[in-house]
Amino acid sequence: QAIGAGDKNGDRIIDEELLTQGIFGGIGNILKNEVLFTTQVHPALPASAIDREKATAIIDAAVGLADAWYRDKRADRQREWTNTGRLRARHAAPR
């Protein structure tokens, strides 16, 4: 119900609606595009034309893709920290 609910005139497109921070805090252009592609929703579709089933799919995709992105970034950061530690150990001055 949140998708399209903030659109009082009924003419806001889903592309704009997904960037509304009150609906999806933190979603950006890349994630928005991935969500719309994954759910096969055209970005210019009016948000008011999206039924409950498709809205649920959009929300599930947004949560799933955001979680996957976060886990990937966290793994990258962990690899960076591990590799940095190894580099420091290899290049440490002899005692």
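Just so you know, these numbers come straight off a predicted model, no measurement behind them. (Residues numbered from 1 in each chain as written. Predicted model: local features only at pLDDT ≥ 70, side-chain atom pairs only at ≥ 80, totals over all residues. Heavy atoms only, no water.)

### Quick word on the nonpolar core
Among the nonpolar cores identified, the biggest contains 13 residues, and I14, L18, V35, V41, I50 and I58 are the most heavily contacted of them. For this core, the secondary structure elements donating two or more residues are α2 (29-38) and α3 (52-90). Take this core: its biggest share by element is four residues, from α3. Setting aside residues no more than four positions away along its own chain, V35 makes contact with L18, I58, A61, A62 and L65. (Core = buried A, V, L, I, M, F, W, Y, C linked by side-chain atoms within 4.5 Å. Buried < 20%, exposed > 50% of the residue type's maximum accessible area, 1.4 Å probe, protein only. Helix = DSSP H or I, 4+ residues; strand = E, 2+ residues; numbered from the N terminus. Contact = heavy atoms within 4.5 Å.)

### Here we look at the environment of G28
Within the fold, G28 resides in the loop between α1 (14-17) and α2. Exposure remark for G28: the relative accessible area of 29% places this residue in the partly exposed category. The sequence separation of G28 and L18 amounts to ten residues, and the corresponding C-alpha distance is 8.5 Å.

### Quick look at the pattern of salt bridges
Under the criterion given, the structure shown has three salt bridges. When the shortest N-O distance is used, the salt bridge between D15 and K32 registers 2.7 Å. Here K32 lies in helix α2 and D15 lies in helix α1, a separation of 17 residues in the sequence. Of the residues examined, K32 reaches a relative accessible area of 5% and is grouped as buried. (Salt bridge = Lys/Arg side-chain N within 4 Å of Asp/Glu carboxyl O.)

### Some remarks on the confidence of the model for the protein chain
Looking at the protein chain as a whole, its pLDDT mean stands at 79, while 69% of the residues score no less than 70. Here α3 stands out as the element of the protein chain with the lowest mean pLDDT, 78, in contrast to α2, whose mean of 93 is the highest. (pLDDT = per-residue confidence, 0-100.)

### Considerations on unusual backbone geometry
The phi dihedral of Q40 falls on the positive side, at around 55°, and the residue is not glycine. Note that Q40 resides in the loop between α2 and α3.

### As for the layout of surface pockets
For the largest pocket, the calculated volume is near 180 Å³. Surrounding the largest pocket, G26, I27, G28, I30, L31, E34, L65 and W69 form its lining. Going through the elements one at a time, α2 and α3 are the ones with two or more residues in the lining of the largest pocket. For the lining of the largest pocket, the class distribution of residues is five nonpolar, two polar and one charged. (1 Å grid on protein atoms, 1.4 Å probe; cavity = no way out; pocket = protein on both sides within 12 Å on 5 of 7 lines; lining within 4 Å. Points joined across faces, edges and corners; volume = space filled by probe spheres on them. Nonpolar A, V, L, I, M, F, W, Y, C, P; charged D, E, K, R; others polar.)

### A closer look at α2
Within the span of α2, buried status applies to K32, V35 and L36. The buried residues of α2 all sit within an arc of 95° when viewed along its axis, so they share a single face. Facing away from the buried side of α2 by over 90 degrees, the exposed positions are I30 and F37. Once α2 ends, the next one or two residues include Q40, with phi positive near 55°. (Arc of directions from axis to C-beta.)

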